Amino acid sequence: RIILLLREKINKVEEYLESEKGHLLADIIELEKSNNRLTHICMRAINRNPQEEESYFRYTFLWQIEKLGNDFKFFANANIKNINKETKDVFYDVLKNIKLLIDLYFKYDPDIGVRIYDNRNKITDKCVKLLKEKANINDHYLLHLILSMNEKTIYLFGLVSGLRQLNFKDDSEHNKPLNQ
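Residues numbered from 1 in each chain as written. Predicted model: local features only at pLDDT ≥ 70, side-chain atom pairs only at ≥ 80, totals over all residues. Heavy atoms only, no water.

Caption draft 1: Quick peek at helix H2 (residues 22-48). Over its 27 residues, H2 runs 40 Å from end to end, which matches the ideal 39 Å to within 8%, given 1.5 Å per residue. Taken together, the buried positions of H2 are Leu 24, Leu 25, Ile 28, Leu 31, Glu 32, Asn 35, Thr 39, Met 43 and Ile 46. (Helix = DSSP H or I, 4+ residues; strand = E, 2+ residues; numbered from the N terminus. Expected span 1.5 Å × (residues − 1). Buried < 20%, exposed > 50% of the residue type's maximum accessible area, 1.4 Å probe, protein only.)

Caption draft 2: Inspection of the pattern of salt bridges at higher detail. Going through the model one piece at a time under the given rule, you end up with 12 salt bridges. Between Lys 12 and Asp 27 there is a salt bridge, and its shortest N-O distance comes to 3.3 Å. With a gap of 15 residues between them, Lys 12 in helix H1 (residues 2-19) and Asp 27 in helix H2 connect regions that are remote in the sequence. Look at Asp 27 and you get partly exposed, because its relative accessible area is 29%. The salt bridge involving Glu 14 is made with Lys 99; its shortest N-O contact spans 3.0 Å. In this pair, Glu 14 sits in helix H1 while Lys 99 sits in helix H4 (residues 85-106), placing the two residues 85 residues apart along the sequence. Residue Glu 14 is classed as buried on the basis of its relative accessible area of 15%. What emerges from the salt-bridge pattern is a single network uniting Asp 93, Lys 96 and Lys 126. (Salt bridge = Lys/Arg side-chain N within 4 Å of Asp/Glu carboxyl O.)

Caption draft 3: Empty space enclosed by the protein, seen in detail. Evaluation of the coordinates by the stated rule reveals 1 cavity of 30 Å³ or more. Approximately 40 Å³ is the volume attributed to the largest cavity. Contributing to the lining of the largest cavity are Ile 3, Leu 6, Phe 61, Ile 65, Leu 101, Ile 102, Tyr 105 and Val 160. Residue assignment for the lining of the largest cavity shows that the elements contributing at least two residues are H1, helix H3 (55-78) and H4. Broken down by element, the lining of the largest cavity gets its largest block of residues, 3 residues, from H4. Class assignment of the residues belonging to the lining of the largest cavity gives a composition of 8 nonpolar, no polar and no charged. (1 Å grid on protein atoms, 1.4 Å probe; cavity = no way out; pocket = protein on both sides within 12 Å on 5 of 7 lines; lining within 4 Å. Points joined across faces, edges and corners; volume = space filled by probe spheres on them. Nonpolar A, V, L, I, M, F, W, Y, C, P; charged D, E, K, R; others polar.)

Caption draft 4: Structural detail: unusual backbone geometry. Within the chain, Glu 20 stands out as a residue other than glycine whose phi angle is a positive 55 degrees. In this fold, Glu 20 is placed in the loop between H1 and H2. Not every positive phi belongs to a glycine, and Asn 79 is a case in point at roughly 50 degrees. Relative to the helices and strands, Asn 79 is located in the loop between H3 and H4.

Written as structure tokens, this is what we have:
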């Protein structure tokens, strides 16, 4: 459910970037509240059984998803209007990269992992270039959020890969979702 909430937040942000309708920001905040509740319930459950072999990976994965969700909340609370086209484009890029991570979570494919990593570098380069420009000074806060989301995505990529290895050390079938 946490992953599906993440996907829904991405959809709401994309809608907002197209229309800049304020009610979508309120929806993002509500989705983030649900995300907080679910991640904290799961993290408490893991804390009750810390002896499980991959509990540290699962806990860290949930914690990082919650932190990524906070970036969506920060975006919604900032109520940013009149976003520069180049900034929107790089925001769409990071959202696409998060979608790739979600795809990787449900069906592991090393090629997707390579794309996530390559996209991360391109997104970082674009953000740094835009941050150096004086013309889009109003978008700098958003660019910092995009960089934060980008780094959290690559961190989650490492956790998904680690969970994948733990789940399949005794199993030759590598295409089952992590939640099975």
